[in-house]
Each structure stands twice: as structure tokens, then as C-alpha cells.
Amino acid sequence: MTDSPQALDSLVLHRIDNGVSWITLNRPEAMNAVTWDQRERVIALLAEASADPAVRAVVITATGKGFCAGADLRGAPATGSERIAGDVARMIRLGAQRLITAVLDCEKPVVAAVNGTAAGIGAHLALACDLVLAAESARFIEVFVRRGLVPDGGGAYLLPRLVGPQRAKELMFFGDAVPAAEAERLGLVNRVVPDSELEARAREWVERLAQGPTRAIALAKQLVNASLDGDRAAALAAEATAQEINMATADAAEGVASFVERRTPKYHGR
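Residues numbered from 1 in each chain as written. Predicted model: local features only at pLDDT ≥ 70, side-chain atom pairs only at ≥ 80, totals over all residues. Heavy atoms only, no water.

Draft legend 1. Spotlight on the overall build of the chain. Each helix and strand counted, the chain has twelve helices and ten strands in total. Taking 270 residues into account, the globule formula puts the C-alpha radius of gyration at 18 Å, and the chain, at 19 Å, falls close to it. A principal-axis box enclosing the C-alpha atoms of the chain has dimensions of 65 × 45 × 40 Å. Buried positions account for 43% of the 270 residues belonging to the chain. Considering only intrachain contacts with a sequence separation of at least 6, the fraction spanning at least 24 residues in the chain is 70%. (Helix = DSSP H or I, 4+ residues; strand = E, 2+ residues; numbered from the N terminus. Rg over C-alpha atoms; globule rule 2.2 N^0.38 Å. Buried < 20%, exposed > 50% of the residue type's maximum accessible area, 1.4 Å probe, protein only. Contact = heavy atoms within 4.5 Å.)

This is the structure in C-alpha cells:
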């Protein structure tokens, strides 16, 4: 059974404030293990953020002591009792991978404010974000090996790009909890802050991003993400194309004009 729209609104809180889309997982009693319906709502909200010129940045966070304890498959639609070849791969493609791809492909900068334990797909949801703020109490756990499972939700894609292949294997092979301070040292997160300051620091970062040249930031995000998958020639060609596209924006014209006129630029995300 799926959640009603009203119930779902309470399980994934959403508001737009000062040009920022705040997406908050709200199942604290389940450590914010994400259901099928919640996942679909987060994906939809990220797509809406991409399409809405009034949204300039996105925050993904959660309530309670857990950021996201992984996937809660109890919310998935029933598929019958017999599993046939291809069912699992299809479930992963249409589920966890779509969620991570929605974050990576969002055309606005996405900041994770990790308030507690981020495990399994919950860890990957955080690590797919462009910037990661972690509360001191946060932990990151590649929990899959504890269940005899292969990491999914893009884990084997994301982790080596953040910490290198050998560190990634250590995290995946042992499944140990990584405290926030260690995660910062490894390069999994950008900053660790006291729990009481997490929301304020996240607000500071995203509101600063929301005042920036939105299209230029989106294009820079695409360039960085693509650079990890292609060769130098492709990266330089993509860079030139991105600059060509960006120079047609009003924000680029404003940036150049403000430099010439020796004043602070005022960007509008267009």
C-alpha cells in the first residue's frame, strides 16, 4: 500500500525559502529509512527545482537522529511472490539509481545537511550531493556487506571518485561506521559542524549559492561530474561548449558589467 498524498507531504517535508528548496525526510521513528513513495517524491521535487527559475539551490536533510538509514522496501508496490531473472536489476535501475541520478543531474546546486546516521542508499544520497555538511553526530555506513549484499545506488561509482579505489574498498568490504570527523578527513564531506549549528550553516551556504549565477553553477557542476568519466579532449570540448552557453545568460553579462563598473554583481539566475 502506498502513502496518501497528504501523508506523503508529512513524510517528505518541503518548502521554498529565499530561493532555496528545502527537502526534509521526516520519518524519525524509522531513522528516515526511505520508502518507495518518499523516493518518488524526492525525485519529483528535484525535477521541479531544476525547472523552476525561482529555485536557486536545494537542501536535502532530515529530522531526528538519522539522516537516512537506507531503503525501506516495505513501501514498494507488490510484484508477486515469484522472482524471475531481471527483477532485481530492474528494481535497482528504477529505484535507488534513479534517486541518485536525480541528485547528480539536478540543475541547481544540492547541499546535503547530514544530521545523523547515513547508511546504505542514505549514505549515497548524501554523497551524491554537490556539497556535504555533517553534524558532529553523523555517521556514514556502507551497510551492504553486513547484509551480504553488493553496494547499489551508485556506491561503487561515487566512493572511488571521492576517496580513491582502495579507501572505497575498505569502506565497502568492512562496512564500518565512519564518524563525521573521519569522513571529513577522508574527503567524504566538506565540513563538520556542531549538531546545533547544522541548519544555520546549511542555510548560510545555500542562501549564498542562491545569490550566485545559477546557470554558471549548473554548467560547472555538469563539467566536474562529466570530467570524472571522460578523457581530456572531451572535458575541454565540454568546457568550451558550457562557456558558449553561459555567455548568453543575463548573469554572465551582469558579471562582466559589474567587473568593468567596479561594483558588486546582482545575479538573478537567468
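Resuming the write-up.
Draft legend 2. A look at the packing of helix α3 (residues 87-94) against helix α4 (residues 96-105). One way to put it is that α3 packs onto α4 with a least axis distance of 3 Å and a crossing angle of 25°. Classed by the angle they form, the pair α3 and α4 counts as roughly parallel. On α4, the residues touching Met91, Ile92, Arg93 and Leu94 of α3 are Ala96, Gln97 and Arg98. Here the residues of the contact of α3 with α4 are counted per class, giving four nonpolar, one polar and two charged. (Axes fitted to C-alpha atoms, helices over the stretch in contact; angles between N-to-C directions. Parallel < 35°, antiparallel > 145°, perpendicular 65-115°, else oblique. Nonpolar A, V, L, I, M, F, W, Y, C, P; charged D, E, K, R; others polar.)

Draft legend 3. Up close: the sheet that holds strand β6 (residues 117-119). Pairing in this open sheet of four strands is mixed, and the strands run β4-β6-β8-β9 from one edge to the other. Edge positions in the sheet fall to β4 (66-68) and β9 (177-179), since each has one partner strand and no second. Strand-to-strand twist across the sheet, computed as the mean angle between neighbouring axes with direction ignored, equals 20°. In this sheet, β9 lies alongside strand β8 (residues 139-141) in antiparallel orientation, the contact comprising three bridges. (Pairing = 2+ DSSP bridges.)

Draft legend 4. Inspection of the state of the cysteines at higher detail. Under the counting rule described, the total for this entry stands at zero disulfides. Counting only cysteine sulfurs, cysteine 129 is the nearest neighbor of cysteine 68, a cysteine outside any disulfide, at a range of 11 Å. Among the residues examined, cysteine 68 registers a relative accessible area of 1% and is labelled buried. This cysteine, cysteine 129, is not joined by any disulfide, and cysteine 106 carries the nearest cysteine sulfur, 9.3 Å off. By relative accessible area, which is 7% here, cysteine 129 ends up buried. (Disulfide = S-S within 2.5 Å.)

Draft legend 5. Fine view of the pattern of salt bridges. Scanning all chains against the criterion turns up 16 salt bridges. Aspartate 9 is paired through a salt bridge with arginine 41; the nearest N and O atoms lie 3.5 Å apart. With aspartate 9 in helix α1 (residues 5-11) and arginine 41 in helix α2 (residues 36-51), the pair connects residues that are 32 residues apart, well separated along the chain. Measuring nitrogen to oxygen at the nearest pair gives 3.0 Å for the salt bridge that ties arginine 90 to aspartate 87. (Salt bridge = Lys/Arg side-chain N within 4 Å of Asp/Glu carboxyl O.)

Draft legend 6. Region of interest: the sheet that holds strand β1 (residues 12-17). Spatially, β1-β2-β3-β5-β7-β10 is the arrangement adopted by the six strands of the open sheet, whose pairing is mixed. The open sheet has two free edges, formed respectively by β1 and β10 (191-193), since each of these has just one partner strand. Taken pair by pair, the neighbouring strands of this sheet meet at an average axis angle of 20°, ignoring direction. Pairing between β1 and strand β2 (residues 20-25): six bridges, direction antiparallel. Of the residues in β2, the one forming a bridge with leucine 13 is threonine 24. Contacts from α2 reach β1, β2, β3 (57-62) and β5 (110-114) within the one sheet, and its direction differs from that of β1 by about 15°.

Draft legend 7. Local environment of the packing of α2 against α4. One way to put it is that α2 packs onto α4 with a least axis distance of 9 Å and a crossing angle of 20°. With respect to α4, the element α2 is oriented roughly parallel. Taken as a pair, α2 and α4 cross one another with a handedness that is left-handed. Counted together, Arg39, Glu40, Val42, Ile43, Leu46 and Ser50 of α2 and Ala96, Arg98, Leu99, Ala102, Val103 and Asp105 of α4 form the full contact between these two elements. Looking at side-chain class alone, the contact of α2 with α4 contains seven nonpolar, one polar and four charged residues. (Left-handed = near helix turned anticlockwise from the far one by under 90°.)

Draft legend 8. Region of the structure containing the nonpolar core. Formed by 48 residues in total, the largest nonpolar core has its most connected members in Leu46, Val58, Ile60, Phe67, Val114, Phe140 and Leu188. Excluding anything up to four places from it in sequence, valine 58 contacts Ser21, Ile23, Leu46, Ala49, Cys106, Lys108, Pro109, Val110, Val111 and Val206. Core analysis: the next-biggest nonpolar cluster, separate from the first, contains 15 residues, Val193, Val206, Leu209 and Ala210 among them. (Core = buried A, V, L, I, M, F, W, Y, C linked by side-chain atoms within 4.5 Å.)

Draft legend 9. Geometry of helix α12 (residues 250-260). Taken residue by residue, α12 has Asp251, Ala252, Glu254, Gly255 and Ser258 as its buried positions. The buried side chains of α12 occupy one side of the element, clustering within an arc of 160° when seen end-on. Tucked inside the fold, the buried residues of α12 contact α10 (214-227) and α11 (232-246). Phi turns positive, to about 55°, at arginine 262, one or two residues after α12. (Arc of directions from axis to C-beta.)

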